[in-house]
Amino acid sequence: MDIATRVWNHKWKIDPIVRSLIDNDFYKLLMCQSVFRNKPDAQVRFSLINRAQDVPLAKLIDEGELREQLDHIRSLSLTRGESTYLRGNTFYGKRQMFRPDFMEWFENLRLPEYELTRVGDQYELTFEGSWPEVMLWEIPALAVLMELRSRAVLGKMGKFELQVLYARATTKLWEKIERLRTAPGLKLADFGTRRRHSYLWQDWCVQAMLEGLGPDAFIGTSNVHIAMRRDIEAIGTNAHELPMVYSALAQTDEALARAPYDVLSDWHDEHDGNLRIILPDTYGTKGFLERAPDWLAGWTGIRIDSGDPATAAETAINWWKSRGEDPTKKLVIFSDGLDVDKILELHAQFSGRVRPSFGWGTLMTNDFRGLTSGDALAPFSLVCKAVSANGSPTVKLSDNPRKAMGPQAEIERYKRVFGVGDQDEMEVVV
């Protein structure tokens, strides 16, 4: 595929960015099934949050074009081949991961309506409805906005300039792959769907990783559609969304304190093996582990997604030791703001002490930094989060206060309930 020519030839009335309901992260489908079983009637509101206010999305992206893309997503449903893949494929060693009742619901799903308004130079984009339905908007909505921003910049370039741009981006990616080859025993997956440069570029990056690292090191992709097309593993477990919504639904401080563990108890009932991965940082990693029930220590591993990754890994190692577990058998998945330097550093630091693995996101699938005038294609931090559940606001504290979200009064309440003190701020890369 000549991506530069493909970009140049945007001649259609609409060139869809998202062409499949499974052009989505695998953990979204796993969480959706869990929500469908345990909290199907919860009413949840998701909202777009642009952490990079210096990127004026409403000036860059035409509202009519954005609506066309979102309306197209609402027209999508599972194809017969996609349904067969989800019903019959083996994921994480388990056949029929997705239950028949969930698949019947999913096969009949059309994503619900959205609300879009322009406020200054930004868009307010929200989705509200039953949790299993609206949660599936998050990833495609982000992918659409990121790619429309890319198209806005690319549309001003000539054909030769586009050829040079993609040649340089390809070289940049391959140089990263060559460095990663130097790490013996490396395990790495693509986590870059939500803030990718484009679908075509993400697919191109996955092909490059497969060829450059091989299947022993490059273990799969979070993108279900690409995993199906390329016949590789779909990778993913769970996200902050689950404890955030469960916590918002809690009626008392006592119920709030239990909520993050109630989430994992429900997960424990559904999954085993490498799907039993703890995401502990929603309300502070240290306190979460200190209060965790003993059965959680027996889970396969942990995912580290905020704060200083080495500190969080050391905290997990000490916790496993205190609970009589062998850390060398535990999987530690690093997934926050990674690029090659940090991957190699963490791999060297923790190999042999745990089983390190890496979910490489935006700086794999959208690293066009330094390749355009004014760095107009540099990735930026755009998220779509659950902001309320049954009318109550959601809260995220994180191990990095710059990633905290929610009303200030509720943030203070959550800090009190979960015993979160002063935290060190870190730059939010993407």
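Residues numbered from 1 in each chain as written. Predicted model: local features only at pLDDT ≥ 70, side-chain atom pairs only at ≥ 80, totals over all residues. Heavy atoms only, no water.

1. Comments concerning the packing of helix H9 (residues 159–180) against helix H17 (residues 340–350)
Note the following rule: Here the axes come from fitting lines to C-alpha atoms, over the contacting stretch only for helices, and the angles between their N-to-C directions go from 0 to 180 degrees. Secondary structure is summarised from DSSP: a helix means a run of H or I of at least four residues, a strand means a run of E of at least two, and numbering begins at the N terminus for each. Oblique is the label for any angle not under 35 degrees, not over 145, and not in the 65 to 115 range, which are roughly parallel, roughly antiparallel and roughly perpendicular in turn. Residue contacts are defined here by distance: any two heavy atoms, one from each residue, within 4.5 Å place the two residues in contact. Here the term charged refers only to Asp, Glu, Lys and Arg, the term nonpolar to Ala, Val, Leu, Ile, Met, Phe, Trp, Tyr, Cys and Pro, and the term polar to all other amino acids, Gly among them.
The contact between H9 and H17 brings their axes to 10 Å, and the two run at 10 degrees. Judged by the inter-axis angle, H9 sits roughly parallel to H17. Contact residues: Lys176, Arg179 and Leu180 in H9; Val340, Asp341, Ile343 and Leu344 in H17. A per-class count over the contact of H9 with H17 returns four nonpolar, no polar and three charged.

2. Points about empty space enclosed by the protein
To find leftover empty space, one rolls a probe the size of a water molecule over the atoms. What counts, and what does not: Grid spacing is 1 Å over the protein atoms alone, the probe is 1.4 Å, and a cavity is where that probe fits but cannot get out, while a pocket is an open set with protein on both sides within 12 Å along at least five of seven lines and lining residues have an atom within 4 Å of a point. Grid points are joined across faces, edges and corners, and a volume is the space filled by probe spheres set on the points.
Enumeration over the complete set of coordinates arrives at six cavities of 30 Å³ or more. Asn238, Ala239, Leu242, Pro243, Pro260, Val263, Leu264, Leu279, Pro280, Thr282, Tyr283 and Phe288 together form the lining of the largest cavity. Going through the elements one at a time, helix H12 (241–249) and helix H13 (253–270) are the ones with two or more residues in the lining of the largest cavity. Counting residues per element, the lining of the largest cavity draws most heavily on H13, which supplies three residues. Each residue belonging to the lining of the largest cavity can be placed in one class, and the counts come to 10 nonpolar, two polar and no charged. Counted as a void, the second largest cavity has a volume near 60 Å³. Around the second largest cavity sit Ala169, Lys172, Leu173, Lys176, Trp201, Leu363, Met364, Asp367 and Phe368, which together line it. When residues of the lining of the second largest cavity are traced back to their parent elements, those giving at least two are H9 and helix H18 (362–365). Take the lining of the second largest cavity: its biggest share by element is four residues, from H9.

3. Quick notes on the pairing of strand S9 (residues 301–304)
The side chains of a regular strand alternate between the sheet's two faces. To keep it simple, the criterion reads: Each residue's exposure class comes from its accessible area (1.4 Å probe, protein chains only) as a fraction of the maximum for that residue type: buried when under 20%, exposed when over 50%, partly exposed otherwise. Only strands joined by at least two bridges in the DSSP assignment are considered to pair.
Side chains of S9 alternate between two faces, with Gly301 and Arg303 and Ile302 and Ile304 buried alike. Sheet analysis places strand S8 (residues 277–278) next to S9, joined by two bridges and oriented parallel. In the sheet register, Ile277 faces S9, and the bridge partner there is Gly301. Here S9 pairs with strand S10 (residues 331–334) via four bridges, running parallel. If you follow Ile304 over to S10, its bridge partner there is Phe334.

4. Things to note about the layout of surface pockets
As a volume, the largest pocket reaches approximately 940 Å³. In terms of lining residues, the largest pocket is bounded by 49 residues, among which Tyr27, Phe191, Arg303, Ser335 and Gly359 are the most central. Of all the secondary-structure elements, those providing two or more residues to the lining of the largest pocket are helix H2 (26–38), H12, S10, strand S11 (355–360), H18 and strand S12 (382–389). Here the element with the most residues in the lining of the largest pocket is S11; it accounts for six residues. Its volume calculated, the second largest pocket comes out at about 440 Å³.

5. Digging into the sheet that holds S9
Pairing is parallel across the open sheet formed by six strands, whose spatial order is S7-S6-S11-S10-S9-S8. Looking at which strands have only one partner, the edges of the open sheet turn out to be strand S7 (218–221) and S8. When strand S6 (residues 188–190) meets S11, the two strands line up parallel, connected through three bridges. Looking across to S11, one finds that Asp190 is bridged to Trp360.

6. Let's talk about the side chain of Ser222
Our working definition: Polar contacts, as counted here, are pairs of nitrogen or oxygen atoms within 3.5 Å of one another; within protein the pair requires one atom able to donate a hydrogen and one able to accept it, and residues that are adjacent in sequence qualify only if both atoms are side-chain atoms.
Note on placement: Ser222 falls in the loop between S7 and helix H11 (224–230). At 2.8 Å, the side chain of Ser222 and the side chain of Asp25 are in polar contact. Ignoring anything within four residues of it in the chain, the contact list for Ser222 reads Asn24, Asp25, Phe26, Asp190, Phe191, Gly192, Thr193 and Ile235.

7. What to know about unusual backbone geometry
With a phi close to 55 degrees, Gln96 is a non-glycine residue in the positive phi region. Mapped onto the fold, Gln96 is located in the loop between strand S3 (94–95) and helix H6 (100–107). You can call Gln96 exposed: its relative accessible area is 56%. The phi angle at Asn390 is positive, at roughly 50 degrees, despite the residue not being glycine. Relative to the assigned elements, Asn390 resides in the loop between S12 and strand S13 (392–393).

8. Structural notes on the pattern of salt bridges
A side chain of one charge can pair with a side chain of the opposite charge when the charged atoms of the two come close. Spelled out, the test is: Salt bridge, as applied in this entry: a Lys or Arg side-chain nitrogen positioned within 4 Å of an Asp or Glu carboxyl oxygen.
One pass over the structure, following the stated rule, counts 33 salt bridges. For Lys286, the salt bridge identified is with Glu290, shortest N-O distance 2.5 Å. Here Glu290 and Lys286 lie together in helix H14 (residues 285–291), a separation of four residues that amounts to about one turn. Like Lys286, the residue Glu290 is exposed in the burial classification. Arg323 is the partner of Asp294 in a salt bridge, and the nearest nitrogen-oxygen pair spans 2.9 Å. Taken together, the positions of Asp294 in helix H15 (residues 294–297) and Arg323 in the loop between helix H16 (309–322) and S10 put the pair 29 residues apart, joining distant regions of the chain. Given the relative accessible area of 57%, Asp294 is considered exposed. Residue classification places Arg323 among the partly exposed positions, given a relative accessible area of 24%.

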